[in-house]
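A closer look at the structure
Here's the letter readout for the chains.
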Amino acid sequence: MRSPKKYRLPDSRNSPNSGFYWLLVILALAAVAWVWWRAAKTPEPSKSPAKKTLATPTTNQPAHLPLGVAVVPRTITPWTNAPPAAKAILAATNGTFPRPVQNLLEAQLALERMGISSGSLDGKIGSQTRAAMRAFQQEEKIPATGDLDADTTSRLILAAPDFVNYVVTSNDLARLQPLGKTWLAKSQQTALDYETVLELVAEKSHAHPDLIRRLNPGVDWTNVATGTVLQIPDADRDDPPAKAAFVKISLSGKTLEAFGADTNLLAHFPCSIAQRVEKRPVGELHVAVVAPDPNYTFDPAVFPESPEAQQLKMKLVLPPGPNNPVGVVWIGLDKPGYGMHGTPSPELVGRTESHGCFRLANWNAAYLLKLVWIGMPVYVEP
């Protein structure tokens, strides 16, 4: 009987396809190894929510800004078509804000926005600018030099661009009217309003008319049309944080200052005082009445030096307006005939030429109106 036939697997080493077979095996193993290696390298996704990273406070921000307060820069759009005379004034206005002031005009403007007035903005040093500097320095508890020194510059922060565009409107032009030359003529007007666009924009921007001219040298001020774009200082102020506790007037310094309950300075203004010494009250007075946009009663007895008053021999009532003799605000005191008020001539504030009252620029009188209250003490010092 034959033994069963034994079968053998083919010897792959002798097969013609053996090389190709092993190549496939090697490639398959390599692919498996690569997949395993990539899986090992990929981190498992975190199941916990991502934590927000808080910005670390920096110390390279302007003085008097708390650490950690975000400072969002605002870039000024250059006035590319500015005439050369205006470019000289605007040269230092490029940059971001807030930042320390860079020149005297910016210092005046930064103080003005705080309610510390140096009079009409003009970029020039003078007694009123020095007095405003000293008021700020005293409040900051640094040497009161009256100069724009390094210590003062680092603390005077300009929070927004210096200048803004003002577009003259038809309403601006409609309110203009010539100012009567006599008391009688003024009493017959509908209002004692602005005479010119230059006067209007200068007062709106708390600026000297000469500065407005320098900023806008190409403007024909005798014929300003609706739609004319003017460059003016941005002197807008925020409302005061609280009512004042008292007002102090210095006759020698020709300044009026309002203080809060903690004797903190709320406002500093130059003011005019009486020409005659006997007309200057000294001591404690009180606010008796407040009147925005007042009319004015002309009493010839108060103006004995006026030839017209000598002839009229009767009282006249003048209508309200910025060119009213007491400007846009009357704050009467409890001494008859005395008060704190505005004026139609802000460039003349700070002189000894009144009949006894304390004259302020209209914009400062309007700000003071927000600070005072009936019965508030007013201390007049020599």
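Residues numbered from 1 in each chain as written. Predicted model: local features only at pLDDT ≥ 70, side-chain atom pairs only at ≥ 80, totals over all residues. Heavy atoms only, no water.

1. Quick word on the side chain of Glu112
Which entries qualify depends on this criterion: Put simply, DSSP H or I for four residues or longer makes a helix, DSSP E for two residues or longer makes a strand, and each gets a number counted from the N terminus. The buried label goes to any residue with under 20% of its type's maximum accessible area, the exposed label to any with over 50%, and the partly exposed label to all in between, with areas taken from a 1.4 Å probe on protein chains only.
With respect to the secondary-structure elements, Glu112 resides in helix H3 (residues 104–113). When its relative accessible area of 0% is taken as the criterion, Glu112 is described as buried.

2. Comments concerning the packing of aromatic side chains
For clarity, the threshold we go by: Only centres within 6.5 Å qualify two rings of Phe, Tyr or Trp (six-membered ring in Trp) as a pair; their planes then separate them into stacked at under 30 degrees, edge-to-face at over 60, and tilted for everything else.
With the rule as written, the count across this model stands at seven aromatic pairs. Here Trp183 and Phe298 contribute two aromatic rings whose centre-to-centre distance is 4.3 Å and whose plane-to-plane angle is 20°, an arrangement assigned as stacked. A residue pair is termed long-range when its members are at least 10 positions apart, and Trp183 in helix H7 (residues 183–187) and Phe298 in strand S10 (residues 296–298) qualify at 115 residues. Accessibility classification places Trp183 together with Phe298 in one group, the buried group. Exposure remark for Trp183: the relative accessible area of 16% places this residue in the buried category.

3. A short note on the sheet that holds strand S13 (residues 339–341)
As a reminder, the rule being used: Strand pairing follows a simple DSSP-based rule, namely that at least 2 bridges must link the two strands. The criterion used for residue contact is that any of the two residues' heavy atoms lie within 4.5 Å. Helix axes use the C-alpha atoms of the stretch in contact, all axes being lines fitted to C-alpha atoms, and the angles between their N-to-C directions lie in the range 0 to 180 degrees.
One open sheet holds the eight strands; their spatial order is S7-S6-S5-S16-S9-S12-S13-S15, and the pairing between them is mixed. This sheet does not close on itself; its edge strands, each paired only once, are strand S7 (265–270) and strand S15 (358–359). Taken together, the four bridges between strand S5 (residues 246–250) and strand S16 (residues 377–381) define a ladder with parallel strand orientation. The residue of S16 that forms the bridge with Ile249 is Val380. Helix H4 (residues 127–140) rests against strand S6 (255–259) and S7 of the sheet, and its axis sits at about 165° to S7. Across the sheet, helix H11 (residues 362–371) is in contact with S5, S6, S7, strand S9 (283–292), strand S12 (329–333) and S13; its angle to S7 comes to roughly 150°.

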